Amino acid sequence: MAALVVRRTRDLLKRADLAKAPRRLRHKKKWAATEPKFPATRLALQNFDMIYSVQFGELWPSIRVSLLSEQKYGALVNNFGAWDHVSAELEQLNARDFVNKAHARGEQEPESSQTSDPSPASWTCSPNLRCFTFARGDVSRFPPARLGSLGVMDYYLMDAASLLPVLALGLQPGDTVLDLCAAPGGKTLALLQTGCCRNLAANDLSTSRTGRLQKILHSYVPQDIRDRSRVRVTSWDGRKWGELEGDTYDQVLVDVPCTTDRHSLHEEENNIFQRSRKKERQILPMLQVQLLAAGLLATKPGGHVVYSTCSLSHLQNEYVVQGAIELLANQYSIEVRVEDLTHFRKLFMDTFSFFPSCQVGELVIPNLMANFGPMYFCKMCRLT
């Protein structure tokens, strides 16, 4: 009898609950569609574990823990401010200019080690750049950049490895320069710091990202310098640049969109491993080949292109370089030579950890003692 009463009471309660809501509002929650099982950061880590454990073998555990740890930064000194005073202040923090250190190392090496290189352009660095880092194993942080006495910011905090593609470009005074995928603006700022740009075109497809680039330029570069360097900021489709301005530039930087490996492990916002962006992620290598090919087509014969990503993936790095070179050879009969950056890598080995087995180009891999990167870069010369 008691069991019957309990059962009838339950039935009445169920009917009462259902009666509160119209039938059209009753639904069963679709968990699979509305709530992904894993956040994008976890999906990224699963993806990296599956792919990079094969690609890097015994190096992967060290790279993995470094990627998941706090990143190190460099302070790019603003040459348009009181750079000598700022440099002295950074030295008081026990930070050192790794670029100047590399130049000194290059001058100390025997001349025979340089003349044996078939292409001196492959180890010539862009001039006038000053970037301070803390020593290996030192996890100190730089204070936030502040407005200097000359009305511009004192320095720009960035992953110091991000400066290597700009250094590898080897700018010379009077160069016409294209930064094909310029936002958020750190490398564009570094290009201007060299003082070599007769014309600088800074492009990014995203108008919101070019807006951020404009803010950085206004914060760090005086108006008269921006006018003198003829800085042009655009939001065009970079894949069409070869058609728009072919055979135009002396130097081109192609820092393509990629899986941004470190960001993907730490930030949910704008994470390319979100389920809704799966197709976008799958076609990334194709997009990267198209952008690099456009950058090469925009370069004058005899000019140079540096391709770069912040990904560890050889599918986005070496394979893209090889694919773009084959594309230009087959469709345009244009010959491209990959420059040997061995000497360049040796200059910076005290600051960064390099992967020893790249097929083409160089790859900075994260290391707990020097937790920069990842940063892949490859320098090419358009021959015809």
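Whatever comes next refers back to the structure up there.
Just so you know, these numbers come straight off a predicted model, no measurement behind them. (Residues numbered from 1 in each chain as written. Predicted model: local features only at pLDDT ≥ 70, side-chain atom pairs only at ≥ 80, totals over all residues. Heavy atoms only, no water.)

A closer look at the overall build of the protein
Each helix and strand in the protein was counted, giving 17 helices and 12 strands. Taken over 384 residues, the protein has a buried fraction of 49%. Of the contacts made within the protein by residues no fewer than 6 positions apart, 77% connect residues no fewer than 24 positions apart. By element, 54% of the accessible surface of the protein is carried by carbon and sulfur atoms, the whole surface being about 19,400 Å². (Helix = DSSP H or I, 4+ residues; strand = E, 2+ residues; numbered from the N terminus. Buried < 20%, exposed > 50% of the residue type's maximum accessible area, 1.4 Å probe, protein only. Contact = heavy atoms within 4.5 Å. Areas by Shrake-Rupley, 256 points an atom, 1.4 Å probe, with all protein chains shown as cover.)

A few points about the environment of aspartate 261
Relative to the elements of secondary structure, aspartate 261 occurs in helix H13 (residues 261-266). Taking relative accessible area as the criterion, aspartate 261 reaches 0% and is therefore assigned buried. For aspartate 261 and cysteine 310, which are 49 residues apart along the polypeptide, the C-alpha to C-alpha distance reads 6.7 Å. Beyond its immediate sequence surroundings of up to four residues, aspartate 261 is in contact with Phe48, Tyr52, Cys310, Ser311, Leu312, Ser313 and Pro374. Within the structure, aspartate 261 has its side chain in polar contact with the side chain of threonine 259 (distance 2.6 Å). (Polar contact = N/O pair within 3.5 Å; in protein donor to acceptor, adjacent residues only side chain to side chain.)

Observations regarding helix H3 (residues 40-56)
Between its terminal C-alpha atoms H3 stretches 23 Å, which fits the 24 Å expected from 17 residues at 1.5 Å a residue. Those residues of H3 that sit buried are Ala40, Thr41, Leu43, Ala44, Leu45, Phe48, Tyr52, Gln55 and Phe56. In the stretch just after H3, glycine 57 is the one whose phi turns positive, near 60 degrees. (Expected span 1.5 Å × (residues − 1).)

Some remarks on the pairing of strand E12 (residues 375-382)
Within E12, 8 of the 8 residues are buried, which leaves it mostly tucked inside the rest of the structure. Note that strand E9 (residues 299-309) and E12 share 6 bridges and pair antiparallel. When the bridges of E12 are listed, valine 305 appears paired with methionine 380. Judged from the 3 bridges that link them, strand E10 (residues 336-338) and E12 form a sheet pairing that is antiparallel. When the sheet's bridge partners are listed, valine 336 is paired in E12 with arginine 382. Bridge count for strand E11 (residues 362-364) against E12 is 3 bridges, and the pairing is antiparallel. Paired with glutamate 362 across the strands is phenylalanine 377, a residue of E12. (Pairing = 2+ DSSP bridges.)

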